[in-house]
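This is what each chain is made of:
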Amino acid sequence: MRAFKAATLLGYEVPWNNLAMRFSALVILQEAHFQKKLAALACYKTQQRRSYANEESIRSLAQSRGLLVSHKYAECFELVRLVF
């Protein structure tokens, strides 16, 4: 936290590692954003065999978060610190 004391900090959701769902920030994703996310995640070859790393799981999570903000896709974050 000290290294980023002058910055906004958002913690990203890792559903397979959550003990509790404590997100307080949602970002709306367009289809292009979602496709870039899939492409970026595909670069992690060691994760491809994991059940949570498949496109269906990633898409369904983005869709369920999108429902919270009345959009097709969204991504949630835990707001650690907001600086503006």
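Owing to the predicted nature of the structure, the values given are computational and were not obtained by experimental measurement.

The rules behind the values
Residues numbered from 1 in each chain as written. Predicted model: local features only at pLDDT ≥ 70, side-chain atom pairs only at ≥ 80, totals over all residues. Heavy atoms only, no water. Phe/Tyr/Trp six-rings, centres within 6.5 Å; stacked < 30°, edge-to-face > 60°. Helix = DSSP H or I, 4+ residues; strand = E, 2+ residues; numbered from the N terminus. Buried < 20%, exposed > 50% of the residue type's maximum accessible area, 1.4 Å probe, protein only. Pairing = 2+ DSSP bridges. Axes fitted to C-alpha atoms, helices over the stretch in contact; angles between N-to-C directions. 1 Å grid on protein atoms, 1.4 Å probe; cavity = no way out; pocket = protein on both sides within 12 Å on 5 of 7 lines; lining within 4 Å. Points joined across faces, edges and corners; volume = space filled by probe spheres on them. Nonpolar A, V, L, I, M, F, W, Y, C, P; charged D, E, K, R; others polar.

To continue, consider the packing of aromatic side chains. For the structure shown, the criterion picks out one aromatic pair. Taken together, a centroid distance of 4.5 Å and an interplanar angle of 10° make the contact between Phe34 and Tyr73 stacked. With Phe34 in helix 1 (residues 31–42) and Tyr73 in strand 3 (residues 73–81), this pair connects stretches of sequence that are 39 residues apart. Of the residues examined, Phe34 reaches a relative accessible area of 0% and is grouped as buried.

With respect to topology, three strands assemble into an open sheet ordered 1-3-2, the strand pairing being antiparallel. The open sheet terminates on both sides in strands that have one partner only, identified here as strand 1 (9–12) and strand 2 (25–29). When strand polarity is set aside, the average angle formed by the axes of neighbouring strands in this sheet is 40°. Note: strand 1 against strand 3, four bridges, orientation antiparallel. Among the inter-strand pairings, Leu9 is bridged to a residue of strand 3, identified as Arg81.

One non-glycine residue, Ser70, adopts positive backbone phi at about 60°. On the basis of relative accessibility, which here comes to 68%, the residue Ser70 falls in the exposed class.

Looking now at the layout of surface pockets. In this structure, the largest pocket encloses a volume near 560 Å³. Taken together, 24 residues form the lining of the largest pocket, with Trp16, Lys37, Leu41, Tyr52 and Ile58 sitting closest to its centre. Of all elements in the fold, only helix 1, helix 2 (55–68) and strand 3 reach the threshold of two or more residues within the lining of the largest pocket. Per element, the largest residue contribution to the lining of the largest pocket is six residues, and it comes from helix 2. Class assignment for the residues of the lining of the largest pocket results in 15 nonpolar, four polar and five charged. What the second largest pocket holds in volume is close to 180 Å³. Taken together, 13 residues form the lining of the second largest pocket, with Tyr12, Asn18, Ala20, Arg22 and Glu78 sitting closest to its centre.

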